[in-house]
Amino acid sequence: MVEEKLPKVDYSRAVSNTGDRSKIIRVMKKAMAGESITVGFIGGSITQGSLASAPDKCYACRVYEWFKESFPASDVKYVNAGIGATDSQFGCARAESDLLSFKPDMCFAEFSVNDASNEHFHETYEGLVRKILAGGNRALMLIHNVRYDDGGNAQLMHSKVARKYDVPSVSMQQVIYPELENGNIDNRLITPDDLHPNDLGHALVSSVIISVLDEIKKEAVFSELSESIISSNLPSPETLNAYENSIRYRNDSDGNIVSEISGFVKDEEPQNDITDIFKKGWIASDKGSYITFKVKGSCIAVQYRKTIQKPAPAALVIIDGDRENAKVLDADFEETWGDKLCIENVMEHGEKGEHTVRIELDKTHDRDALPFYLVSVIVSG
């Protein structure tokens, strides 16, 4: 399938968790029978296809093409819900709208270079996995990408979730990174920045995933599987699991939670696609502008735009009137690669109940390059 001459790697190391493959086999058997299937991906910039020369060169599309070529009798549909610089916490909040609403039969989740390896992302990743698996027969494979300069990722933490829920998982840390570390592959052959693959790098990543799918397909050809629906009952979570049922509020779905507003206005421009990230929010330019939300939950996060265009404004987030402990949302982004959709946790595992979230424009300049952009409020727990 892949025309590029790929660097040599040890595909026998690809599986980080074998897991229960029965749901994937069920999807493959459905495709073998000529039924249509939908293959969906959710993740960060690598899934979106960052630094691939064209959308069909990214690893996700290459894996989709494998399904098409492997099951020619099936009408295979493709959903790519990758958004750059986002993590599994945001993934929980948008999984339904961006991925699951398309009723995928087979899902791939990729957040191991976007999540930090800590307890917070253990919980958010578990929430995402639970949300996907709640679909009964819906199949899932986890993808652990890796930073190519130091081998870092959140695989150790994510693997706890994979084992807990018996989910098949594939690791680039185990297959690709050792060849870089040993000098068998030059980093610049597959990545210009040690994070995002180029076309050859995307081809290599997809080949690791496909090596496992090929194994499972062989199982599918010779196995017999009952047609009964697999139970969607999940084991008890191992974290507090506040994020599984996160709700994201934007200006077209605010659920009447805006209680006060002055100076902030709705952004009414249409959103072209999910990667058109600075849409359906609220905009303010004048110091003192404010917007207050009344929400119910125990975890609250605010999404806003950090911009490379200077100078940039800053806002305060005040929870339940506690101005002394207000958090600052500084729109000034010190990186240079572009504007970022930033998520700021302003309450984590607080008291479960109703809370007020006041966002107040606190610092402006005479020549701010852009107004302050509030993208959404995400409530969990």
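Criteria and thresholds
- Residues numbered from 1 in each chain as written.
- Predicted model: local features only at pLDDT ≥ 70, side-chain atom pairs only at ≥ 80, totals over all residues.
- Heavy atoms only, no water.
- Pairing = 2+ DSSP bridges.
- Helix = DSSP H or I, 4+ residues; strand = E, 2+ residues; numbered from the N terminus.
- Axes fitted to C-alpha atoms, helices over the stretch in contact; angles between N-to-C directions.
- Disulfide = S-S within 2.5 Å.
- 1 Å grid on protein atoms, 1.4 Å probe; cavity = no way out; pocket = protein on both sides within 12 Å on 5 of 7 lines; lining within 4 Å.
- Points joined across faces, edges and corners; volume = space filled by probe spheres on them.
- Nonpolar A, V, L, I, M, F, W, Y, C, P; charged D, E, K, R; others polar.
- Core = buried A, V, L, I, M, F, W, Y, C linked by side-chain atoms within 4.5 Å.
- Buried < 20%, exposed > 50% of the residue type's maximum accessible area, 1.4 Å probe, protein only.
- Contact = heavy atoms within 4.5 Å.
- Salt bridge = Lys/Arg side-chain N within 4 Å of Asp/Glu carboxyl O.
- Lys, Arg positive; Asp, Glu negative; His and termini not counted.
- Polar contact = N/O pair within 3.5 Å; in protein donor to acceptor, adjacent residues only side chain to side chain.

## Looking at the sheet that holds strand 1 (residues 15–17)
Okay, so step 1: Read across the open sheet, the six strands follow the order 1-6-5-4-2-3; overall the sheet is mixed. Looking at which strands have only one partner, the edges of the open sheet turn out to be strand 1 and strand 3 (76–82). Ignoring strand direction, the axes of neighbouring strands in this sheet form an average angle of 20°.
Okay, so step 2: Pairing analysis gives three bridges linking strand 5 (residues 139–144) to strand 6 (residues 169–171), with the strands arranged parallel.

## A word on the state of the cysteines
Okay, so step 1: Per the stated rule, a full pass over the model turns up zero disulfides.
Okay, so step 2: Unpaired in terms of disulfides, Cys299 finds its nearest cysteine sulfur in Cys92, a separation of 11 Å.
Okay, so step 3: In this model Cys342 remains outside any disulfide bridge; the closest cysteine sulfur is found in Cys299, 17 Å from its own.

## Let's talk about empty space enclosed by the protein
Empty space among the atoms becomes apparent when a probe as large as a water molecule is rolled across them.
Okay, so step 1: One pass over the structure, following the stated rule, counts one cavity of 30 Å³ or more.
Okay, so step 2: What the largest cavity holds in volume is close to 40 Å³.
Okay, so step 3: Along the walls of the largest cavity sit Gln89, Tyr243, Ser246, Cys299, Ile300, Ala301, Asn345, Ile378 and Ser380, which together make up its complete lining.
Okay, so step 4: The set of elements that each furnish at least two residues to the lining of the largest cavity consists of strand 12 (299–306) and strand 17 (372–380).
Okay, so step 5: In terms of residue count, the dominant contributor to the lining of the largest cavity is strand 12 (three residues).
Okay, so step 6: Taken together, the residues of the lining of the largest cavity sort by class into five nonpolar, four polar and no charged.

## Points about the nonpolar core
Okay, so step 1: Core analysis: the biggest nonpolar cluster contains 48 residues, and Phe67, Phe108, Met141, Ile176 and Ile209 have the highest contact counts within it.
Okay, so step 2: Of all the secondary-structure elements, those providing two or more residues to this core are helix 1 (22–32), strand 2 (37–43), helix 3 (59–70), strand 4 (106–110), strand 5, helix 7 (172–175), helix 8 (177–181) and helix 10 (199–222).
Okay, so step 3: Counting residues per element, this core draws most heavily on helix 10, which supplies ten residues.
Okay, so step 4: Ignoring sequence-local partners within four residues, the contact set of Ile209 consists of Tyr59, Val63, Phe108, Met141, Ile143, Val170 and Met172.
Okay, so step 5: Judged by nonpolar contacts, the second largest core, of 27 residues, contains Phe264, Trp282, Ile291 and Cys342.

## Some remarks on the pattern of salt bridges
Okay, so step 1: A complete count under the given rule lists 14 salt bridges for this structure.
Okay, so step 2: The salt bridge involving Asp150 is made with Arg147; its shortest N-O contact spans 3.6 Å.
Okay, so step 3: Under the relative-accessibility criterion, Arg147 is labelled partly exposed at 30%.
Okay, so step 4: Ionic contacts of the salt-bridge type, sharing partners, join the residues Glu260, Arg323, Arg358 and Glu360 into one network.

## Side note on the side chain of Arg305
Okay, so step 1: Looking at the element boundaries, Arg305 is found in strand 12.
Okay, so step 2: There is no salt bridge for the buried Arg305, and the closest opposite charge comes from Asp339, which lies 4.7 Å off by N-O distance.
Okay, so step 3: Polar contacts involving the side chain of Arg305 include one to the main-chain carbonyl oxygen of Pro371, which spans 3.1 Å.
Okay, so step 4: Sequence-distant contacts of Arg305, defined by excluding residues within four places in its chain, comprise Phe278, Ala331, Asp339, Lys340, Leu370, Pro371, Tyr373 and Val375.

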